[in-house]
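# An overview of the molecular structure
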Amino acid sequence: QMSENMSSVAGALFFLSLSIASYLSSLIVNVIHSVTGENGKFPWLGGHDLNENRFEYYYFIVAALGSTYLIYYTFFASSCVKCKIHQIGKRIAFGEFSR
C-alpha cells in the first residue's frame, strides 16, 4: 500500500502525463495541418467536407509514430532484461544466493 502523500504524487504525475500527451497530440495535428495545407492545397485535416479530408494519411502517421516508439521501447527494454539476467547468473555462479 502507498501512503497518502505517495498516492497524491502518483495522481499528479498521471494527470501531468495526460496533459503533456494532449499538448503533443495537438502539436502533431497543427504541424500536419500546416504542412499539408501549403501552396493552396486542401489540408489532410480540417474542413467540413469529410470526402475531401485525408484522415487515413493522418492515422498512418500516428501508426508509424507508435511503431517507432514500440521498436525504441523493445530495443532498450530487451537490453535491460539481458543485463539483469546476466547479473543474476553471475551471482548464482559465484554462490552469492543462499539456498
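Residues numbered from 1 in each chain as written. Predicted model: local features only at pLDDT ≥ 70, side-chain atom pairs only at ≥ 80, totals over all residues. Heavy atoms only, no water.

Per an unreviewed UniProt entry, the protein chain goes by the name NRT1 PTR FAMILY -like and belongs to Olea europaea subsp. europaea. Per UniProt, the comment on the protein chain under Sequence similarities (unreviewed entry) is "Belongs to the major facilitator superfamily. Phosphate:H(+) symporter (TC 2.A.1.9) family." (UniProt positions renumbered as here; feature names shortened; annotations may be inferred.)

## What to know about the packing of aromatic side chains
Two descriptors summarise a pair of aromatic rings, namely the distance from one centre to the other and the angle between the planes of the rings. Considering all chains together, one arrives at five aromatic pairs under this definition. Summarising the aromatic geometry, the rings of Trp-44 and Tyr-57 are spaced 5.1 Å apart at their centres and angled 55° between planes, so their arrangement reads as tilted. Residue Trp-44 is found in the loop between helix H1 (4-36) and helix H2 (55-93), and its partner Tyr-57 is found in helix H2; the two are separated by 13 residues along the sequence. Note on Trp-44: relative accessible area 22%, which makes it partly exposed. (Phe/Tyr/Trp six-rings, centres within 6.5 Å; stacked < 30°, edge-to-face > 60°. Helix = DSSP H or I, 4+ residues; strand = E, 2+ residues; numbered from the N terminus. Buried < 20%, exposed > 50% of the residue type's maximum accessible area, 1.4 Å probe, protein only.)

## Brief notes about the side chain of Asn-53
Along the polypeptide, Asn-53 turns up in the loop between H1 and H2. We classify Asn-53 as buried; its relative accessible area is 5%. When residues no more than four places from it in sequence are discounted, the contact partners of Asn-53 are Phe-42, Pro-43, Trp-44, Leu-45, Gly-46 and Gly-47. (Contact = heavy atoms within 4.5 Å.)

## What about the layout of surface pockets?
Taken as a whole, the largest pocket encloses approximately 150 Å³ of empty space. Taken together, Leu-24, Ser-25, Ile-28, Tyr-58, Val-62, Leu-65, Gly-66 and Tyr-69 make up the lining of the largest pocket. Residue contributions to the lining of the largest pocket peak at five residues, all from H2. (1 Å grid on protein atoms, 1.4 Å probe; cavity = no way out; pocket = protein on both sides within 12 Å on 5 of 7 lines; lining within 4 Å. Points joined across faces, edges and corners; volume = space filled by probe spheres on them.)

## Remarks on the pattern of salt bridges
Where charged atoms from two side chains of opposite charge approach closely, those side chains can pair. In this structure the tally under the stated criterion is one salt bridge. A salt bridge links Glu-56 to Arg-54, with the shortest nitrogen-to-oxygen separation between them at 2.9 Å. (Salt bridge = Lys/Arg side-chain N within 4 Å of Asp/Glu carboxyl O.)

## Observations regarding the UniProt feature "transmembrane region" (unreviewed entry) in the protein chain
Residues annotated by UniProt as "transmembrane region" (unreviewed entry) correspond here to residues 12-37 and 57-81. Taken end to end, residues 12-37 has its terminal C-alpha atoms 37 Å apart, with 96% of it in helix and 0% in strand.

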